[in-house]
Each structure stands twice: as structure tokens, then as C-alpha cells.
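Read off the chains here:
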Amino acid sequence: MPITDAMIIEATMASYSRSLRKVPADVTAAIAGALETETDETARSTLALQLKSAELAERTHSFVCSDSGIPVYFVTIGSRAELACDFKSSIRKGWEKLVETIQPPLLMHVTNPLTRERGYHGKDMPIVTYDFESGTDYVEMVCSPKALGSGRWAAVELFTFPTLEEIETFVLDVAIKAAGQHCPPVVMGVGIGGTFDHCAGLAKKQTLRPVGEANPDPTLAAMEERLTKAVNALGFGPMGTGGDTTALAVHVDYASGHGFTPVAVCFNCWINRRTRVRMWGDGRMEWAE
Amino acid sequence: MTVAEHDLALPLSEAAVRSLRVGDIVHLTGEIFATAGLPTHDRLLACLEGAEPLPFDMAGGALFHLGSLNAEAADGSLSIVYMNPTTSTRFNGHMPRLIAGLGLRATGGKGGLNAECARAMADCGCVYLSFLGGGAPIISAAIRKITGIGWPEMISHYRIARIEVERLGPLTVGIDAHGDSLYDRTLATALERRETVLDQLRAARGGGG
């Protein structure tokens, strides 16, 4: 039995709705951990309030944030997955049906950048990235509703043969520019190398990695650890009012490239909206986050 | 140090506003104005220049950068389903004139406002209150009644909603009416620490480039 259009539509809708109402468990655990070590009193009450908001949203099935963002999905197709679906059209249909039916309704955030008109639909919406995986028999979809609050602080810079010092200084300076405006504590994604477009994709995907999941590459794991410490040493704190907890994690990935080396940095706010669903041909749908 | 907590009734008096200090926690009860729209801020400024009347008497009021899903039913009744703060620095260019022109006693949202806004707030007797981003369930729970929707022809979060709230909060005083700003403080601290942090990164890399 193959994966059907109905399953893709269902996954598109349900993953979005879930992302808006449920803060991932790894994130609430990380915030609870930060609460134990945070030394600033205002910061501690903000972290506690964040946990309360997450708990309340999940219990009452309400949105954590009023800004439901724009629809962004990542689809990975297993080489052994049986398919009988039109991904592009089903994801579009799923989004259309979602905005018509979701309760409470979403605010209109999809913006035409040329006219600044806003609605639920627009060119290239939803934004979907497709990839393949060898050997797996399922399709994985990750939903990442994205809004201005943390989205606007992302940056890419093109270097030529940069040293690690230049790369890490850039990451720190992007964090300083964002200050505390992206609803910290954030998860930062860093991409190094590849090409302009590939590098931004690497950074973005790193914001979707669960907090606390160790980087299997020891060089990157060490870089993540020192960058997380460095960003937190800046002192912006939860919601930017000061404190030790600005980043729950800095996640880094890299790709080989030419001597021109892009470095991309982006952020997810503390509610870290992301939902992962795997689908099999027998109709099974497995949810994570 | 204990954080000072204040339960305040709206409209706020200048004395009440000037008694607040950055870091204090505030709960508000009474009527607030909420909008998240950039075009709305343009239009408010145009009102001050006489282009059209303001939708409400907002003098001495509390205008917050909050996006809300509001609606008017067929029978004319108004409702708000949820609300939550948006990034205030988007309105840095508008706020000094709006604070002075409307005589605002409170503004707020998330992320703070710049030094020019802080000066306008000190002149006028106005504070900036920091809301929890991603705090919709907590913030929306304070809504008692919506008493007006200004500019209903705009999309929901661009309209100006006049809302009666009860113990809206906890809100943190991010900028007080004495020119003190937690946002300026934290940025100054970060810039001051930058060199030390870069040294620590260098040491953690083992001294190499």
C-alpha cells in the first residue's frame, strides 16, 4: 500500500496545528534546566512564566503565540517508501484546508513583499524543501511555522578562506545584533560552507534539531559548546531583560565548498515550533515533538 | 534583592508611572489599546497631524504592541480570542511622536524600544512594559471585555482593539520614566563583554585561529 494524498494533506494540517500549541518536550526540559542555574531574578520569573505558558497552551489546546507565522515544511522521501501522492499539490491543499478550518482561526501573516499586502496565501506558499534518504521506507515531514520575531535576525556573510576565529566572531556579532529581541532563550542554527543557498539551509535545519541531542562530530560538538557559552555570556537573558540564559543551544553543521565560505546564522524563539511526522504506506503516522 | 510588584489601575496617573523602576513587575486592570500594525502606526501619526480623527480618545492611555484575533459578530457583539506581543522596535520611528502626541502613560510589547523613545517616555511620564512573547494563554486570560474595535476595515492584528483587562501580567518594566532601560543596559553589557568573550572562545579553541 502506498502513501496517499490524503495522508500528506492530514500531515500538513495536523503538524501545523500541533506546532502552534505544543512546545517540544526537549525545549521545556532545557528551560527547566536553565531555571535551576539562572542567577537573575527577573530572568528566573520569565523562564517560569514560559513553562507556565507552554503547559497552559498544551492543556487548553490553545496557541502559544498569536503570530502563527508562515508555512514552512521539510519533506524527506525514503528510497523504499511506496508513493501514490502528489506532494506539491497535497501540501498546498493541506494548507488551504487548514486556514479554512483551524480553530481558533490564524491571523494573516503571508505577506507580498512588493505590496506589503497580507493574507493566507501567496507566491511560493507553503515553502517546502524536498530531500531523499537512502534505505528508509517512510516519508518524513517537518513543519516549522516561521514568524518575524525570530526570523528577522538571521544573517549570511560570505568569507574567503576564513579562520575559525573569523567564523565564530561573526556568529557572536549576529547574536549581539539580535540582542534580546527574538524571544530568548533561543536555539541558534549555524551553517558553514557549501554555497550561499546550501549554507542557509544547513543553518535552518540545525534550529530543528532537538535541544540536548549531541552533535556526532566531535569538532562541531566542541564548537557548539563554546559558542553556547559565549552567547550566554553576553547577558541578554530571557525576553532580553538580562540574565544568563539567552541561547538554549547553538547547533552547527558544515559542508565542503570552495574557498568562498558562507556562514549563516538563524534563530528559533523559545517556543521552538517544530513538529516531525513519519508516514508509512500502511497508513501509519508517527508523531514526534 | 526582591522585585517590587505593583497592581495598578488604568488609566495610570503620572505619579504612579514615575514611581516604577526598571525590573519592577506590574499587573494592570482597566482599559488598554492593542495593535500590531505598522500601517496602524502610520495612520495614528497621520491622525495627530489632522488627517482624520483618532478612533478613540487615547490621551493618557496605554497603547501596547499586541496582535489579537478580534471579531465583530452579526449582532454587533465584539470578541477577542487571543492576543500576544509583537516586536516593538519595529515602531521605534513612530513611538517618540506617538508617546508625546497622545500623552501615553504606558506602552509595551516585546524587545523594547530605542534610546530616543526612552527620552520621549522620560519627558512624558510613560513606561515600557515587557510582555512574554509566546505568552498568549497567560496574556489572553486577562481579557474581560472588548469595548471597541478601531479601524475594522484593516486586518485583525492591525486594528486598534480597546480591551478591558483584569490583572494583565506579569509585565516587566523594561524602560522606566527616568530614562533607564533594561535593553540599553543589556546591550551595553554585551558590547563591554564582547572582547572578553572572544578571548574565551580563542582559549577554548586551544589558542589557535
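Because the structure is a prediction, the values reported are computed rather than measured.

## Points about the interface of chain B and chain A
- Listed by partner, the interface residues are 48 residues for chain B and 49 residues for chain A.
- Of all the elements in the fold, those that place two or more residues in the side of chain B that touches chain A are β3 (62–72), β4 (78–85), α5 (136–140), β8 (160–175) and α6 (182–204) of chain B.
- It is α6(B) that contributes the most residues to the side of chain B that touches chain A, 16 residues altogether.

## Describing the confidence of the model for chain B
- On average, chain B scores 96 in pLDDT, and the residues at 70 or more come to 98%.
- Overall fold confidence (pTM) sits at 0.96, and the ipTM for the predicted complex is 0.95.

## Digging into helix α2 (residues 25–37) of chain A
All names here are of chain A.
- Across its 13 residues, α2 extends 19 Å between first and last C-alpha, which sits within 8% of the 18 Å expected from 1.5 Å per residue.
- Of all the positions in α2, only Val27, Thr28, Ala30, Ile31 and Ala34 are classed as buried. Viewed along the axis of α2, the buried residues span an arc of 160°, placing them on a single side of the element.
- Lining the buried residues of α2 we find α3 (41–60) and β10 (247–255).

## A few points about the sheet that holds strand β6 (residues 127–133) of chain A
All names here are of chain A.
- Pairing is mixed across the open sheet formed by five strands, whose spatial order is β6-β2-β7-β12-β13. In the strand order of this sheet, the two ends are held by β6 and β13 (285–288), each with one partner. If you compare each strand with its neighbour and ignore which way they point, the axes differ by 15° on average.
- Judged from the five bridges that link them, strand β7 (residues 139–143) and strand β12 (residues 275–279) form a sheet pairing that is antiparallel. Bridge assignment links Met141 to a residue of β12, and that residue is Val277.

## Some thoughts on the packing of helix α6 (residues 164–178) of chain A against α6(B)
- Taken N-terminus to C-terminus, the directions of α6(A) and α6(B) make an angle of 150°; their axes are 11 Å apart at the nearest point. The orientation of α6(A) relative to α6(B) falls into the category roughly antiparallel. α6(A) and α6(B) meet at a crossing whose hand is right-handed. Of the residues in α6(B), those touching α6(A) at Glu165(A), Glu168(A), Thr169(A), Leu172(A) and Ile176(A) are Ala190(B), Leu191(B), Arg194(B), Val197(B), Leu198(B), Leu201(B) and Arg202(B).
- The class makeup of the residues in the contact of α6(A) with α6(B) is seven nonpolar, one polar and four charged.

## Comments concerning the sheet that holds β10(A)
Residue and element names in this part refer to chain A.
- Spatially, four strands are ordered β8-β11-β9-β10 in an open sheet, and the strand pairing comes out mixed. Where the open sheet ends on each side, the last strands, each with one partner, are β8 (155–160) and β10. Within the sheet, the average angular offset between the axes of one strand and its neighbour, ignoring direction, is 15°.
- As judged from the six bridges shared by β8 and strand β11 (residues 260–268), these two strands associate in the antiparallel manner. Looking across to β11, one finds that Ala155 is bridged to Val265.
- Across the face of the sheet, helix α8 (residues 218–233) comes into contact with β9 (186–193) and β10 while running at roughly 140° to β10.

## Topic: unusual backbone geometry
Residues and elements named next belong to chain A.
- Omega for the bond connecting Met125 with Pro126 falls within 30 degrees of zero, at -15°, which places this linkage in the cis form.
- As for its position among the elements, Pro126 is in the loop between β5 (118–119) and β6.
- With omega at 10°, the peptide bond leading from Pro184 into Pro185 counts as cis.
- Within the element layout of this structure, Pro185 appears in the loop between α6 and β9.
- Phi is positive for Arg116, close to 65°, though the residue is something other than glycine.
- Tracing the backbone shows Arg116 in the loop between β4 (110–111) and β5.

## Here we look at the environment of Leu234(A)
- In this fold, Leu234(A) is placed in the loop between α8 and β10.
- For Leu234(A) and Gly189(A), which are 45 residues apart along the polypeptide, the C-alpha to C-alpha distance reads 18 Å.
- Not counting residues up to four positions away in its chain, the partners in contact with Leu234(A) are Ala175(A), Ile176(A), Thr246(A), Ala190(B), Arg193(B) and Val197(B).

## A closer look at the domain arrangement of chain A
- Taken domain by domain, chain A consists of domain 1 (3–22 + 64–147 + 273–288) and domain 2 (148–268).
- Placing the centre of domain 1 of chain A and that of domain 2 of chain A at their C-alpha centroids yields a distance of 25 Å.

## Quick notes on the pairing of strand β2 (residues 72–78) of chain A
Residues and elements named next belong to chain A.
- For β2 and β6, the ladder comprises seven bridges, and the chain directions are parallel. Along β6, the bridge assignment pairs Ile77 with Phe132.
- Here β2 runs beside β7; their pairing, made up of five bridges, is antiparallel. Opposite Tyr73, over in β7, you have Cys143 as the bridge partner.

Thresholds, definitions, all that
Residues numbered from 1 in each chain as written. Chains lettered and ligands numbered in written order. Predicted model: local features only at pLDDT ≥ 70, side-chain atom pairs only at ≥ 80, totals over all residues. Contact = placed C-beta atoms within 7 Å. Helix = DSSP H or I, 4+ residues; strand = E, 2+ residues; numbered from the N terminus. pLDDT = per-residue confidence, 0-100. Expected span 1.5 Å × (residues − 1). Buried ≥ 20, exposed ≤ 12 C-beta atoms within 10 Å, placed from the backbone. Arc of directions from axis to C-beta. Pairing = 2+ DSSP bridges. Axes fitted to C-alpha atoms, helices over the stretch in contact; angles between N-to-C directions. Parallel < 35°, antiparallel > 145°, perpendicular 65-115°, else oblique. Left-handed = near helix turned anticlockwise from the far one by under 90°. Nonpolar A, V, L, I, M, F, W, Y, C, P; charged D, E, K, R; others polar. Domains from an automatic or database assignment.

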